[in-house]
Amino acid sequence: MNCQRCKKAIATVHLTDITKHEKREKHLCERCAQEEGVTIKPQHVHYNELFTHFVMAQPSAHELAQLTCPECQTSFVEFRNTGLLGCPNDYDVFERALLPLIERAHEGQSRHVGKSPRRLGHKRDFQDDLIRLRRHLARAIEDEDYEAAARLRDEINAIETK
Amino acid sequence: MILDELTTHPGEWLRGTGPMSDVVISSRVRLARNIRTYPFVSKADPETRDELCELLRASIKSASKDREWSYVDLSPLDELDRQVLVERHLISRQHADGDGCRGVAFSPTETVALMVNEEDHLRMQSIRSGLRLDEVWQEINGIDDLLEDRLEYAFHPRYGYLTACPTNVGTGIRVSVMLHLPGLKLTNEIERVFRAARELRLAVRGLFGEGTEASGDFFQVSNQCTLGRSEEDIVNEFKTQVLPRVIEYERQARQALIRDRALVLDDKIWRSYGMLRNARTISSEETLAHLSLLRLGIHLERMNAVDLQTINELFLMTQPAHLQKMLGHRLTGEQRSAARAEFIRKRLSDRRPA
Ligand SMILES: [Zn+2]
Ligand SMILES: [Zn+2]
């Protein structure tokens, strides 16, 4: 069915307006619906539009289309078609293509502000600490600096038993 | 079965109480979360989905150990029962129509509902009647804390909480309010709300309508931007920028109707009452349109033949799945319309004006 307003695009928004005696139906395309003030947003369709107008117009579009996440095997083309990513890793794998999209969808923002998981934060810090301390320990042993090695071992133990 | 008990009464959010309840039906905050090291739901194979279901169900159980939450496994559930959950706003339509292992946990009053394996691994909501955004945000934030102690969320140092669709990334928060705007609809000024919403980049959807259908006088307004602003900021914008304006517009429109078109207004309200008292067959859309006018009439003290509680009950019980559940068997569309009309007539004649 074509849009009743512009008669060109396919109608994707269907409204029912009930007045006293009659039930009027309206069938509009996305754009006309927005212009009439009915901001109904089928998220993923909206998203595809962003792609065609924006991302695919970039010179590197071809390269981007070749990208595939090694962890979940989701390809960028697949994401473009469904609007859904395959795994958390995709945010890094597709970063170059995603960033402009993310900014478009979030009023130009691309950095998280707000809540963050407390536990994850601690764990990450400790992990980083452990990696660093173990590296120092290995070097201390190599250098036969046993005093430093003993101190580092204590520090590592303290974190591991936390 | 839990569902049979459910269908006899509306959940808390449809109680019609709380601040600004003449205009604001309910307030809701939803958070989207995913578990680290797992693919998102659409890319998870059946075994992985089962594993996620088990993991999340166990975490929810341990996080809610002092509360009497129900957990419903959706995959073996009858279509009608799934529809009941949609009509109660406990799950999304997408979740009802999905496939594979998936479920929902909810509190006895239905203020909290946690969808497992919807588009994201976890979609948790708190919903209450009236304008109570701080309350619902705090409630769901607390539940998120409890789950965070038990699960490792997918979190990115730059992008925040990672979601299957990048439009939800960051806070993963969706704040929404359901509004009853018959005044603006009758005065043809509803465009003002759409314009105000658009300025603030908010989405407006229909409330009870099918899919994207915005029918009747009920609208749901929600944020679209989830990244780069804190949860409190987003909630506060609703409280200080969006809602006072919309509520004011609606109240002004109602007062204008009383001032300039009182007779027409009363006629509309009482005709709706007459329709519902006498109709022999009625669709759910038409029911909704008349109930909307009765609700308006009650709040403007121009209708005393029926009380708010009955209206709220009728809102829910006349929905297709609730109606069939109540009658105990499946009905065709035509049979539903007749059964609906009969049910409404009975309810309204029970409560004659004093
Ligand atoms: Zn059009
Ligand atoms: Zn991936």
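Please read these numbers as outputs of a predicted model, since none were measured by experiment.

Caption draft 1: Inspection of the domain arrangement of chain B at higher detail. Residues and elements named next belong to chain B. Domains assigned within chain B are domain 1 (2-250) and domain 2 (251-350). On a C-alpha basis, the centroid separation for the pair domain 1 and domain 2 is 27 Å. Each partner contributes to the interface: domain 1 provides 37 residues, whereas domain 2 provides 28 residues. Both sides together, the interface formed by domain 1 and domain 2 hides about 3,000 Å², and carbon and sulfur atoms give 58% of it. Our count for the contact surface shared by domain 1 and domain 2 stands at four salt bridges. Here Asp81 makes a salt bridge to Lys325, at a shortest N to O gap of 2.5 Å. Our count for the contact surface shared by domain 1 and domain 2 stands at 23 residue pairs in polar contact (both at pLDDT 80 or more). Put simply, the parts of the chain that give the side of domain 1 that touches domain 2 at least two residues each are helix 3 (79-87), helix 6 (182-186) and helix 8 (231-278). Partitioned by chemical class, the residues of the side of domain 1 that touches domain 2 number 14 nonpolar, nine polar and 14 charged.

Caption draft 2: View of the packing of helix 11 (residues 320-327) of chain B against helix 12 (residues 333-350) of chain B. Residue and element names in this part refer to chain B. Packing of helix 11 against helix 12 brings their axes to within 11 Å, and their N-to-C directions diverge by 75°. The orientation of helix 11 with respect to helix 12, classified from their angle, is roughly perpendicular. The residues of helix 12 that touch helix 11, namely those facing Pro320, Leu323, Gln324, Met326 and Leu327, are Arg336, Ala339, Arg340 and Phe343. Residue classes in the contact of helix 11 with helix 12 are distributed as six nonpolar, one polar and two charged.

Caption draft 3: Main features of empty space enclosed by the protein. Per the counting criterion, the structure on display carries three cavities of 30 Å³ or more. Roughly 50 Å³ of volume is contained in the largest cavity. Along its surface, the largest cavity is lined by A:Glu107, B:Leu200, B:Arg201, B:Leu202, B:Asn223, B:Gln224, B:Cys225, B:Arg229, B:Ile234, B:Glu237 and B:Phe238. Among the residues making up the lining of the largest cavity, the classes are represented as five nonpolar, two polar and four charged.

Quick notes on the rules
- Residues numbered from 1 in each chain as written.
- Chains lettered and ligands numbered in written order.
- Predicted model: local features only at pLDDT ≥ 70, side-chain atom pairs only at ≥ 80, totals over all residues.
- Heavy atoms only, no water.
- Domains from an automatic or database assignment.
- Contact = heavy atoms within 4.5 Å.
- Buried area = accessible area lost by both parts, 1.4 Å probe.
- Salt bridge = Lys/Arg side-chain N within 4 Å of Asp/Glu carboxyl O.
- Polar contact = N/O pair within 3.5 Å; in protein donor to acceptor, adjacent residues only side chain to side chain.
- Helix = DSSP H or I, 4+ residues; strand = E, 2+ residues; numbered from the N terminus.
- Nonpolar A, V, L, I, M, F, W, Y, C, P; charged D, E, K, R; others polar.
- Axes fitted to C-alpha atoms, helices over the stretch in contact; angles between N-to-C directions.
- Parallel < 35°, antiparallel > 145°, perpendicular 65-115°, else oblique.
- 1 Å grid on protein atoms, 1.4 Å probe; cavity = no way out; pocket = protein on both sides within 12 Å on 5 of 7 lines; lining within 4 Å.
- Points joined across faces, edges and corners; volume = space filled by probe spheres on them.

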